[in-house]
Amino acid sequence: MSNNLNVLLIGAGYMGKEYGKVLNELNVNYSVVCRSEKSASTFYNELGVKPISGGINHALEEINEKPDVAIVAVNVEFLSSTVITLLNYGIRKILVEKPAKNEIQKVYETSKDMNAEVYVAYNRRFYASTEKALEIISQDGGVSSFNFEFTEWGYKIEKTSHAPKVKEEWLLANSTHVIDLAFFLGGYPKEMCSFQSGKLDWHTRASKYAGAGITDEEILFSYQANWDAPGRWSVEILTKEHRLFFRPMEELAIQNRGSVEIKNIEIDNKLDIDFKPGLYKQVKAFLSKEKDNRLTTIDEQLKHMKFYEKIDGLNKI
């Protein structure tokens, strides 16, 4: 993919480098911005592009030509302020990792004022496993019911260097990758009962979750998670003919009607092996002039917050 777009990538850490690999492969003209010279040096050594260090405000003064679009892959606590800076600078199409819950409203309002497009990066919508599942769901006449688990490995998260504020919002920052995919495939709740209990040193709100509901298309669903016990992410989609298993999420297994055997489905997942899964097709969709309903708009993310907050015990809708 080669086009005339001038892309600005903000962040040269792990996610920034993953985006850089995709941009290199797509043969896109891009510039990179980061804060430290160390990050800039590492990015250059690994990907061959020299970032501008010193932070976003300094970099925007150094750039000769205004970028057409931007990808924001900085730490969670800097996502919303970076997006707003870019919007005020004049960039009107932005892909961003998930802003914190109390900052989404501000990003949404600013993007509307600027008549800009802001998309939230849920790359699991672009997995090869997801594409195959959508194909089977369509052939089977739609989803009959679904369930999902978003268990996090609390003992590992506790030891990470993430800021306490980020850990306290871990459901939004990380678990919503599972929740978003489940609702994307099965539909969004019109009614939902949610329960929480327990707590962890790093996440005092809750450690165990369970709930169930019905979507706007009358599809029943349920979920559970226990962050203080063994487990893993998973989504199960049931149709009249099949039960589809995302466990792990990058793979797809199937159970046929009238059988207890569960078999792995062969999928063309080369891009999910060569790059961070889902990222290649997500970036390609973002850079395309064509609309892609797999891209989550900031408007949609704001609407979905009421579901995430209910699951997290923050509201009672």
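For the structure, see preceding data.
The text that follows walks through the structure, step by step, so that each part is easy to find. (Residues numbered from 1 in each chain as written. Predicted model: local features only at pLDDT ≥ 70, side-chain atom pairs only at ≥ 80, totals over all residues. Heavy atoms only, no water.)

## Here we look at the nonpolar core
Argument step 1. Counting 68 residues, the largest nonpolar core has L86, F148 and F150 as its most contacted members.
Argument step 2. Looking at this core element by element, the count peaks at 10 residues for helix α9 (residues 170–186).
Argument step 3. In contact with F148, other than residues within four places in its own chain, are V178, I179, A182, F183, F221, S222, Y223, Q224, S234 and V235.
Argument step 4. M15, V32, F43 and L279 belong to the second-largest nonpolar core, a separate cluster that totals 31 residues. (Core = buried A, V, L, I, M, F, W, Y, C linked by side-chain atoms within 4.5 Å. Buried < 20%, exposed > 50% of the residue type's maximum accessible area, 1.4 Å probe, protein only. Helix = DSSP H or I, 4+ residues; strand = E, 2+ residues; numbered from the N terminus. Contact = heavy atoms within 4.5 Å.)

## Examining the pairing of strand β12 (residues 253–256)
Argument step 1. Here strand β11 (residues 242–246) pairs with β12 via 4 bridges, running antiparallel. Along β12, the bridge assignment pairs R243 with Q255.
Argument step 2. A loop of 6 residues connects β11 with β12, the two strands running antiparallel in sequence.
Argument step 3. In the sheet, β12 pairs with strand β13 (residues 262–264) via 3 bridges, with the strands oriented antiparallel. By the bridge assignment for β13, Q255 is matched with I262.
Argument step 4. Hairpin remark: β12 followed by β13, antiparallel, with 5 residues in the connecting loop; positive phi at G258, about 85°. (Pairing = 2+ DSSP bridges.)

## Focus on the pattern of salt bridges
Argument step 1. One pass over the full model with this rule turns up 16 salt bridges.
Argument step 2. The partner of D299 in a salt bridge is K112, with the nearest N and O atoms 3.0 Å apart. Here D299, found in helix α12 (residues 298–311), pairs with K112, found in helix α5 (residues 101–113); they are 187 residues apart in sequence, far enough to count as distant.
Argument step 3. E131 is the partner of K281 in a salt bridge, and the nearest nitrogen-oxygen pair spans 2.8 Å. Taken as a pair, K281 in helix α11 (residues 279–287) and E131 in helix α6 (residues 128–139) lie far apart in primary sequence, 150 residues in all.
Argument step 4. The class for E131 is partly exposed, based on a relative accessible area of 28%.
Argument step 5. Several salt bridges share partner residues, and in doing so they unite E131, K281, D292 and R294 into one network. (Salt bridge = Lys/Arg side-chain N within 4 Å of Asp/Glu carboxyl O.)

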